[in-house]
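Listed here are the chains, written in short residue letters.
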Amino acid sequence: MAAFLLASFYVAMAGAALIVEAIFWIFWLVPSERAARVVEASVSWNYTTWLNIVFLLLAAALVWRFLKTGGPEMLRMMNRPVGQHAR
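Residues numbered from 1 in each chain as written. Predicted model: local features only at pLDDT ≥ 70, side-chain atom pairs only at ≥ 80, totals over all residues. Heavy atoms only, no water.

(A) Seen up close, the overall build of the protein chain. The helix and strand inventory of the protein chain stands at 3 helices and 0 strands. If you list the helices and strands of the protein chain from N to C, you get α-α-α. In terms of its C-alpha atoms, the protein chain occupies a principal-axis envelope of roughly 70 × 45 × 20 Å. Among the 87 residues that make up the protein chain, the fraction classed as buried is 2%. (Helix = DSSP H or I, 4+ residues; strand = E, 2+ residues; numbered from the N terminus. Buried < 20%, exposed > 50% of the residue type's maximum accessible area, 1.4 Å probe, protein only.)

Written out as C-alpha cells, the structure reads:
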C-alpha cells in the first residue's frame, strides 16, 4: 500500500508540474533571458539562527516537562487494554 501511495503521489506531482510548465509556455511566461546570479552559500549568524536556538531551547523545555510530569507512564497506560490496571 505504501508503494502504491508513493507511486501515485509521484505521478500526480510530476503530472501537475508538466501541466504548470505547459501553461507557462502557452502564456509566454517563461523568460527567454535569465538574469540569475549564483551566490556562494555560507553559514552566518542571523535572525533565523537565533530563532532556531530559541525554539530548540523551547523544545528541550517541553521534553523535560513531559518526562518530569509522568508523560512516559501516561503513554504506557494508553497502550494497555481497557480494564487492565497498573501493577
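(B) Molecular detail of the packing of aromatic side chains. As enumerated under the stated definition, the model contains 1 aromatic pair in all. Centre to centre, the rings of Trp45 and Trp50 are 5.2 Å apart; their planes meet at 45°, and the pair counts as tilted. (Phe/Tyr/Trp six-rings, centres within 6.5 Å; stacked < 30°, edge-to-face > 60°.)

(C) Geometry of the pattern of salt bridges. Applying the stated criterion to the full structure yields 2 salt bridges. The salt bridge involving Arg76 is made with Glu73; its shortest N-O contact spans 3.4 Å. On the criterion of helical spacing, the pair formed by Arg76 and Glu73 is a turn pair, its members being 3 residues apart in helix H3 (residues 71-79). Looking at Arg76, the relative accessible area reads 48%, which means it is partly exposed. Put simply, Glu73 and Arg80 hold a salt bridge, and the shortest N to O gap is 2.9 Å. Accessibility expressed as a relative area gives 24% for Arg80, which makes it partly exposed. Connected through salt bridges with shared partners, the residues Glu73, Arg76 and Arg80 form a single ionic network. (Salt bridge = Lys/Arg side-chain N within 4 Å of Asp/Glu carboxyl O.)

(D) Summary view of helix H1 (residues 2-26). When the terminal C-alpha atoms of H1 are compared, their 36 Å separation across 25 residues agrees well with the 36 Å that a helix rising 1.5 Å per residue should span. Positioned one or two residues after H1, Trp28 has a phi angle of 55°, which is positive. (Expected span 1.5 Å × (residues − 1).)

(E) Just a nonpolar patch on the surface, in detail. Together, Ile19, Val20, Ile23, Phe24, Ile26, Phe27 and Leu29 line one region of the surface with nonpolar side chains, adding up to about 710 Å² of accessible area. For Val20, the location among the structural elements is in helix H1. On the basis of relative accessibility, which here comes to 44%, the residue Val20 falls in the partly exposed class. (Patch = residues over 30% accessible without salt bridge, like charges linked within 9 Å, V, L, I, M, F, W, Y side chains within 5 Å. Areas by Shrake-Rupley, 256 points an atom, 1.4 Å probe, with all protein chains shown as cover.)

(F) Region of interest: helix H2 (residues 47-68). Taking 1.5 Å per residue, 22 residues should reach 32 Å; H2 reaches 32 Å between its end C-alpha atoms and fits that length. Backbone geometry just after H2 places Gly70 at a positive phi near 85°.

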